[in-house]
Amino acid sequence: MKLFKEFRTQEVLVLLYRIFLAYFFYQIARFLFWYFNRGLIKIDSVSDYFSLSYHGIAFDTTAILYVNALFILLSIIPVIINTKKAYQKVLFWVYFITNGIAYAMNFGDFVYFRFSQTRLTSAAFQVAQHENNIFKVFTASLVQNPFVLIWFLVLMALWIFLYKKVNVQANTPKKLLPYFIWSVLTLCLTAVLAVGGIRGDFRHSTRPINLVDANRFVKLPSQGNMVLNSTFSFFRTLNTNNFKEVHFVDEKFIDDQIHPYKMYNRKVADKPNIVIFIVESFSREYSGAFNKEKNIKDYVSYTPFIDSLANESLIFPNTFANGRQSIHGMSSVLAGIPSLTDAFTSSPYANQKIQSIVSVCNEMGYDTSFYHGAPNGSMGFLGFGNILGFKHYFGKTEYNNDKDFDGMWAIWDEPFLQYFAKNVGKTTPFMATVFTASSHHPFKIPEQYNGKFKKGKNQMHEPIQYTDYAIKKYFETAEKQPWFHNTIFVFTGDHTNEVYYQEYEKTMNHFAVPLILYSPNPEYHLKGVSHEFAQQIDIYPTLADLIGYNKQIRSWGRSLVSDKQYAPIIANSDGTVEQFIIGNYIYRFDGKEVVGIFDKEDLGMEKNMMDQLKNNPEVKKGILTAKAWYQDYMKRVVGRKLY
């Protein structure tokens with residue numbers, strides 16, 4: 001029995017207590033995450049909440065073990081001095097520096113999730129690397145959301161207090177051989193448990209748990225974010241590459257059902273100019289023209305000019321974004337390339353030859369340009385614009401007047417759009433894209449307009465009114481330009497933003513953006529309302545059709561104004577699984593299998609009908625079509641065949 005006296009019982013028990021504290025505080029962070037985003041994550045009952053929290057323990061385990069690996073090793077490695085006061089002080093700092101940083105990720109997601117609708121992933125690096133104002137953004141977020149910082153500081157103080165309540169008492173081993181034997185055995189057992197914890201279980205045949213696995217335990221897709229934690233989602237996506245070729249169907253099925261190549265035969269005598277507005281954070285929710293038939297109680301529109309323009313345009317009130325971030329919007333709108341679980345634009349495959357509306361216009365002799373009032377290179381737009389082949393790029397540098405800088409992101413929309421209106425058209429025909437910037441966090445407007453716009457129900461409502469006003473002033477200037485009459489204007493959002501109305505809390509409506517096609521030239525017949533499902537990737541083939549490009553184009557989207565009718569296949573991703581609207585159903589696909597099937601009217605995805613529809617002929621074909629679309633996407637991206 002003397003052998004057991006050197007077992008490091010108190011050290012192991014204290015270590016377990018300290019690890020338990022991490023679990024305890026991760027559960028508090030989970031509750032606060034839900035509380036701050038309860039409008040986006042519907043939970044019907046207390047039992048549902050506890051079920052989600054319970055299943056979240058596996059994901060917390062992985063995160064906690066990632067973060068505390070060094071601390072655990074230092075706690076049980078046999079160096080004899082482990083129980084000394086100085087050594088324990090070192091452990092204290094290792095524990096709270098690593099856990100503090102990891103815990104802060106979850107608190108950042110209290111705010112970030114409202115905009116991304118997905119947990120923090122390593123893709124945030126791709127966004128941050130193009131910005132030089134990250135500290136300003138961080139500071140502004142703290143000012144606007146002080147309770148997030150207060151909660152973090154209070155909980156970290158409580159965590160430190162509880163940590164110090166249980167201490168390791170100084171003890172020097174008397175017999176070194178038993179001490180080292182027990183230490184090595186403890187280390188080996190800990191290593192085995194840690195590997196199992198990080199993987200999610202001990203079965204050799206099972207792959208380590210990832211973000212998709214969170215959806216195994218939920219009733220609604222959005223609840224998967226409750227099961228996850230931000231530390232897990234960040235670490236699990238580091239150095240990942242989900243772009244892999246797959247094979248589900250033969251090429252004939254793809255050609256017949258997906259139609260990756262399309263051709264339109266419109267005859268155009270006088271090639272129109274093209275102006276594409278990608279409006280920052282422009283959710284369909286904000287615009288009355290797109291909500292006339294939604295029957296939303298006490299609905300208020302915040303885009304009076306866009307609403308008036310829509311009355312003279314062809315609009316699509318059932319349009320969806322194909323990505324979650326600004327750079328995703330650029331690739332979707334201009335090149336017809338959506339971003340799935342991993343963003344195409346931050347993948348190893350982004351730098352390749354890509355057929356797009358830019359390349360098509362270049363081929364047809366257009367002068368092509370991209371305008372964005374942020375510092376040149378911000379958001380990765382300059383780099384991706386060069387890949388697409390824009391002949392000109394106009395940013396903050398070319399604008400050359402910092403007095404109109406908003407101090408955070410870019411030149412204010414109103415002066416920059418005036419610059420845009422006056423600078424284009426020197427050569428015709430032209431294709432120009434402008435990416436606005438002001439309808440964005442930190443939700444400010446120029447001081448001279450304070451009090452001009454109604455505050456609305458959330459932070460986005462005031463700045464989107466300012467952007468709407470800036471677009472109105474743009475048209476007042478553009479109408480005077482000689483190129484105006486023979487120009488086709490396109491308006492859409494890059495992604496959505498803050499939600500107020502319950503209708504837009506529904507999962508698919510996290511991607512609900514407007515789409516407007518307008519021209520003062522009646523020859524293009526761009527008037528009316530189409531209730532067909534549309535998406536950002538339809539814009540490129542639609543414009544190629546309208547300008548009379550009669551050659552083959554590579555496109556998963558379709559022309560929305562052609563007599564050639566291709567069935568829509570709406571595609572996007574919530575960050576963990578891909579989502580398709582095909583025919584009468586919504587399909588959720590994890591890269592291998594369809595894991596959810598919902599009626600297309602069930603935009604909240606509240607009733608999974610997989611079991612009852614498994615023998616439905618349309619659904620069987622829909623599943624194959626979703627897989628075929630994904631197969632073709634991967635083949636073309638990985639095989640560098642995006643032309």
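Keep in mind that this is a model prediction, so the values were computed, not measured.

So, how was this worked out
- Residues numbered from 1 in each chain as written.
- Predicted model: local features only at pLDDT ≥ 70, side-chain atom pairs only at ≥ 80, totals over all residues.
- Heavy atoms only, no water.
- Core = buried A, V, L, I, M, F, W, Y, C linked by side-chain atoms within 4.5 Å.
- Buried < 20%, exposed > 50% of the residue type's maximum accessible area, 1.4 Å probe, protein only.
- Helix = DSSP H or I, 4+ residues; strand = E, 2+ residues; numbered from the N terminus.
- Contact = heavy atoms within 4.5 Å.
- Salt bridge = Lys/Arg side-chain N within 4 Å of Asp/Glu carboxyl O.
- Pairing = 2+ DSSP bridges.
- Axes fitted to C-alpha atoms, helices over the stretch in contact; angles between N-to-C directions.

Participant: Help me understand the nonpolar core, please; the structure alone is not making it clear to me.
Facilitator: Across soluble globular proteins, nonpolar side chains show a tendency to be buried alongside one another. In this structure, Tyr103, Phe277, Phe420, Tyr474, Phe475 and Phe491 are the most contacted members of the largest nonpolar core, which totals 90 residues. Residue contributions to this core peak at 13 residues, all from helix H3 (residues 85–116). If sequence neighbours within four positions are ignored, tyrosine 103 has contacts with Phe25, Tyr26, Ile28, Ala29, Phe152, Leu155, Met156 and Trp159. Membership of the second largest hydrophobic core comes to 76 residues, among which are Ile337, Tyr393, Ile537 and Trp629.

Participant: Just checking my understanding: could you explain the pattern of salt bridges for this structure?
Facilitator: Should the charged atoms of two oppositely charged side chains come close, the side chains can pair. On inspection of all chains with the given rule, the structure shows 19 salt bridges. In this structure, aspartate 402 engages lysine 396 in a salt bridge whose closest nitrogen and oxygen atoms are separated by 3.1 Å. A relative accessible area of 17% means that lysine 396 is categorised as buried.

Participant: How should I be thinking about unusual backbone geometry in this particular structure?
Facilitator: In terms of backbone geometry, most residues other than glycine have negative phi values and most peptide bonds are trans. Residue proline 429 is reached from threonine 428 by a cis peptide bond, and omega for that bond is 0°. Note on placement: proline 429 falls in the loop between helix H16 (413–423) and strand E7 (430–435). A cis amide bond, omega 10°, links histidine 441 with the succeeding residue proline 442. By the element assignment, proline 442 lies in the loop between E7 and helix H17 (461–478). In the Ramachandran plot, methionine 605 falls in the positive-phi region, its phi being about 50° despite a non-glycine side chain. Tracing the backbone through its elements, the reader meets methionine 605 in the loop between strand E16 (594–599) and helix H19 (610–613).

Participant: I tried to follow the environment of alanine 335 on my own but got confused; where do I start?
Facilitator: Within the secondary structure, alanine 335 sits in helix H12 (residues 326–335). When the C-alpha positions of alanine 335 and glutamine 355 are compared, they lie 6.6 Å apart, and in sequence the two are 20 residues distant. Once residues within four sequence positions are removed from consideration, alanine 335 is found in contact with Met330, Ile354, Gln355, Ser356, Leu388, Tyr540 and Arg554.

Participant: It is not clear to me how the sheet that holds strand E10 (residues 528–529) should be interpreted in this structure. Could you clarify?
Facilitator: Sheet strands pair via backbone hydrogen bonds, and the direction of the pair is either parallel or antiparallel. Here we have eight strands laid out as an open sheet, ordered E6-E5-E7-E2-E8-E9-E3-E10, and mixed in their pairing. The open sheet is flanked by strand E6 (392–394) and E10, the only strands paired with a single partner. Here three bridges tie strand E5 (residues 367–372) to E6, and the two strands are oriented parallel to one another. Within E6, the position partnered with phenylalanine 370 by the bridge is tyrosine 393. In the packing of H12 onto the sheet, contacts are made with strand E2 (273–279), E5, E7 and strand E8 (487–493), and the angle to E2 comes to roughly 155°. Sheet strands touched by H16: E2, E5, E6 and E7. Its angle to E5, the strand with the most contacts, is close to 170°.

Participant: Help me out: how do you make sense of the pairing of E2 in this one?
Facilitator: It is a general feature of regular strands that their side chains alternate between the two faces of the sheet. Within E2, seven of the seven residues are buried, which leaves the element mostly enclosed by the surrounding structure. Because side chains alternate across E2, one face comprises the buried residues Asn273, Val275, Phe277 and Val279, and the other comprises Ile274, Ile276 and Ile278, equally buried. Direction of pairing for E2 relative to E8: parallel, over a ladder of seven bridges. The partner of isoleucine 278 across the bridge, within E8, is threonine 492. Examined bridge by bridge, E2 and E7 share five bridges and lie parallel to one another. When the bridges of E7 are listed, valine 275 appears paired with alanine 432.

Participant: Could you clarify how one ought to interpret the sheet that holds strand E15 (residues 585–589) in this entry?
Facilitator: Pairing in this open sheet of four strands is antiparallel, and the strands run E13-E14-E15-E16 from one edge to the other. A single partner strand is all that each edge strand has here, and the edge strands are strand E13 (569–573) and E16. Between one strand and the next, the sheet's axes are offset by a mean angle of 20°, whatever the strand orientation. Sheet topology note: the strand E14 (residues 578–582)/E15 ladder contains five bridges and is antiparallel. Opposite glutamine 579, over in E15, you have arginine 588 as the bridge partner. Against the sheet, helix H20 (residues 617–638) engages E13, E14, E15 and E16, with an angle of about 50° to E15.

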